[in-house]
Amino acid sequence: MRVIVTVVEKITSKVHIDIPDGLNQSTIKQHIVDRYNSGAMSTDMNIFQVDFESISARIVQEQSDAKSA
């Protein structure tokens, strides 16, 4: 018997970045989004917390490959 198990987790990462002084809230958000989209922030991220969301299993019927003679 073969069973396919799917686990869904929510991963929370933390990263400390320097933001230039004098930016308003929307500019700060855009700065963070730009750094994330460029890949500049992803290597700095550390997994901070993993929350278990759900688990499911599906039984898969295996088909026989035996050939009749």
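Whatever comes next refers back to the structure up there.
Because the structure is predicted, anything quoted here is derived from the model rather than measured. Within each chain, residues carry numbers counting from 1 in the order of the written sequence. Residue-level local features of this predicted model are given only where pLDDT is at least 70; pairs of side-chain atoms are given and counted only at 80 or more, and the full residue set underlies all totals for whole chains, interfaces and linings. Hydrogen atoms and water are omitted, and side-chain values are computed over all heavy atoms in the structure.

Next up on the list: the overall build of the protein chain. Secondary structure elements follow DSSP: runs of H or I no shorter than four residues count as helices, runs of E no shorter than two count as strands, and numbering proceeds from the N terminus. The number of helices and strands found in the protein chain is 1 helix and 2 strands. Taken across its 69 residues, the protein chain has 3% of its residues classed as buried. The criterion used for residue contact is that any of the two residues' heavy atoms lie within 4.5 Å. Expressed as a percentage of contacts within the protein chain between residues at least 6 apart in sequence, the contacts between residues at least 24 apart total 81%. For accessible areas, the Shrake-Rupley method is used with a probe of radius 1.4 Å. Any residue's cover is judged against the shown protein chains and nothing else. For the protein chain, the accessible surface area stands at approximately 6,300 Å², while carbon and sulfur atoms represent 50% of it. Accessible area is worked out with a 1.4 Å probe on protein chains only. A residue is then buried under 20% of its type maximum, exposed over 50%, and partly exposed in between.

So, on to a nonpolar patch on the surface. Nonpolar side chains collect at one region of the surface, where M1, V3, V5, V7, F52, I55 and I59 lie side by side and expose about 760 Å² of accessible area between them. Elements that contribute at least two residues to the nonpolar patch include exactly β1 (2-14) and β2 (46-60). Topologically, V7 is positioned in strand β1. Looking at V7, the relative accessible area reads 43%, which means it is partly exposed. Only residues whose relative accessible area exceeds 30% and that form no salt bridge are eligible for patches; like-charged ones are grouped when within 9 Å, while nonpolar side chains (Val, Leu, Ile, Met, Phe, Trp, Tyr) are grouped when within 5 Å. Any Lys or Arg side-chain nitrogen found within 4 Å of a carboxyl oxygen on Asp or Glu counts as a salt bridge.

With that settled, consider helix α1 (residues 25-38). The end-to-end C-alpha distance of α1, which contains 14 residues, comes to 20 Å, matching closely the 20 Å that a straight helix rising 1.5 Å per residue would cover. Downstream of α1 by one or two residues, G39 has phi in the positive range, about 90°. Residue count minus one, scaled by 1.5 Å, sets the expected span of a helix.

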